[in-house]
Amino acid sequence: MASSATRTKIATTEKCEIDQRNHSETERLRRERINGYLSTLRTLIPSIEKMDKADLLTQVIIKVKELKHGIGEATNGILLPSDADELLVKQRQRNAVFFIRASLCCDFKHEILRDVREAIEPLNLKMERAEIATLGNRMMIVFVISGFNNVGCH
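Just so it is clear, the structure is predicted and the values come from calculations on it, not from any experiment.

Engineer: Quick rundown of the overall build of the protein chain? Include the residues and the values.
Structural biologist: Helices and strands together make up the secondary structure of the protein chain, namely three helices and four strands. Its helices and strands taken in sequence order, the protein chain reads α-α-β-β-α-β-β from the N to the C terminus. In the protein chain, which comprises 154 residues, the share counted as buried stands at 17%. For the protein chain, long-range pairs separated by at least 24 residues make up 51% of all intrachain contacts whose partners lie at least 6 apart in sequence. A total of about 12,300 Å² of accessible surface is found on the protein chain, and carbon and sulfur atoms cover 57% of it.

Structure, rendered in structure tokens:
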């Protein structure tokens with residue numbers, strides 16, 4: 001009959017072997033998944049010669065940048081939400097009238113429209129223009145408001 005210490009040692013050794021097999025299988029599946037994605041990328045990037053993984057990823061990055069640049073040129077002047085959350089505000093002056101152009105890009109939430117309206121209404125400014133664009137779960141709001149400078153008021 002085996003002692004308690006011997007049984008514990010055998011159980012620990014078996015557990016280590018099982019953990020090692022599980023880890024090896026997980027790693028094998030991960031490598032297969034990565035290689036599958038690399039194969040897909042190879043079909044998307046035209047090449048005369050076979051590339052190693054680093055060269056392939058370099059070419060993919062170059063191609064993605066080219067495509068993003070092309071999209072930027074193709075959509076010039078079209079309101080298109082970006083992936084980055086941002087708020088841009090610009091002011092310009094024309095005689096006694098000032099204009100404020102604001103753009104907000106964020107995840108789409110219908111309550112944002114109400115919040116923007118509630119923020120602008122008490123300012124007693126004129127809404128010159130407003131545009132809203134959505135793409136997927138992103139939204140972009142651009143509006144121009146104007147008002148008069150209080151010249152001579154102290």
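Picking up where we left off.
Engineer: Got a sec to walk through the sheet that holds strand S2 (residues 97–107)? Specific residues and values, please.
Structural biologist: Spatial ordering of the open sheet is given by S1-S2-S4-S3, a layout of four strands whose pairing is antiparallel. Pairing within the sheet leaves two strands with one partner each, and these edge strands are strand S1 (86–94) and strand S3 (126–135). Here the strands of the sheet are splayed against their neighbours by 10 degrees on average, with no regard to which way each runs. Here S2 pairs with strand S4 (residues 138–148) via 11 bridges, running antiparallel. Paired with Cys-105 across the two strands is Met-140, which belongs to S4. Across the face of the sheet, helix H3 (residues 110–120) comes into contact with S2, S3 and S4 while running at roughly 10 degrees to S4.

Engineer: An account of the packing of aromatic side chains is requested, with residue identities and associated values reported.
Structural biologist: Enumeration according to the criterion identifies zero aromatic pairs in this entry. Here Arg-92 stacks its cationic end above the ring of Phe-99, 4.8 Å away from the centre of that ring.

Engineer: So what about the layout of surface pockets? Which residues, and what values?
Structural biologist: In this structure, the second largest pocket occupies an estimated 180 Å³ of space. If you go around the second largest pocket, the residues you meet are Leu-87, Val-89, Ile-100, Ala-102, Leu-104, Val-116, Ala-119, Ile-120, Leu-123, Phe-143 and Ile-145. Contributing elements (two or more residues each) for the lining of the second largest pocket: S1, S2, H3 and S4. When grouped by side-chain class, the residues that make up the lining of the second largest pocket number 11 nonpolar, no polar and no charged.

Engineer: So, the side chain of Ser-146: which residues are in play, and what are the values?
Structural biologist: Here Ser-146 is to be found in strand S4. By relative accessible area, Ser-146 is classed as buried at 6%. One polar contact links Ser-146 to Glu-128, side chain to side chain, over a distance of 2.5 Å.

Engineer: How would you explain the pairing of S3 if you had to name every residue and give the values?
Structural biologist: Both S3 and S4 contribute to a ladder of nine bridges, which runs antiparallel. Bridged to Ala-133 within S4 is Met-140. Hairpin connection from S3 to S4: two residues lie between these consecutive antiparallel strands, with Gly-136 at a positive phi of about 65 degrees.

Engineer: Account for the environment of Ala-133, with residues named and values stated.
Structural biologist: Here Ala-133 is to be found in strand S3. Look past the residues within four positions of Ala-133 in its chain and what remains in contact with it is Leu-79, Pro-81, Arg-138, Met-139 and Met-140.

Engineer: Give me the lowdown on the pattern of salt bridges, citing residues and values where you can.
Structural biologist: A full pass over the atoms with the stated rule returns 12 salt bridges. For the salt bridge of Arg-138 with Asp-85, the shortest nitrogen-to-oxygen distance reads 2.8 Å. Placement of Arg-138 in strand S4 and of Asp-85 in the loop between helix H2 (53–74) and S1 is noted, with a sequence separation of 53 residues between them. Using a relative accessible area of 8% as the deciding quantity, one classes Arg-138 as buried. Asp-85 sits in the exposed class, given a relative accessible area of 56%.

Calculation rules
Residues numbered from 1 in each chain as written. Predicted model: local features only at pLDDT ≥ 70, side-chain atom pairs only at ≥ 80, totals over all residues. Heavy atoms only, no water. Helix = DSSP H or I, 4+ residues; strand = E, 2+ residues; numbered from the N terminus. Buried < 20%, exposed > 50% of the residue type's maximum accessible area, 1.4 Å probe, protein only. Contact = heavy atoms within 4.5 Å. Areas by Shrake-Rupley, 256 points an atom, 1.4 Å probe, with all protein chains shown as cover. Pairing = 2+ DSSP bridges. Axes fitted to C-alpha atoms, helices over the stretch in contact; angles between N-to-C directions. Phe/Tyr/Trp six-rings, centres within 6.5 Å; stacked < 30°, edge-to-face > 60°. Lys NZ or Arg CZ within 6 Å of the ring centre and 35° of its normal. 1 Å grid on protein atoms, 1.4 Å probe; cavity = no way out; pocket = protein on both sides within 12 Å on 5 of 7 lines; lining within 4 Å. Points joined across faces, edges and corners; volume = space filled by probe spheres on them. Nonpolar A, V, L, I, M, F, W, Y, C, P; charged D, E, K, R; others polar. Polar contact = N/O pair within 3.5 Å; in protein donor to acceptor, adjacent residues only side chain to side chain. Salt bridge = Lys/Arg side-chain N within 4 Å of Asp/Glu carboxyl O.

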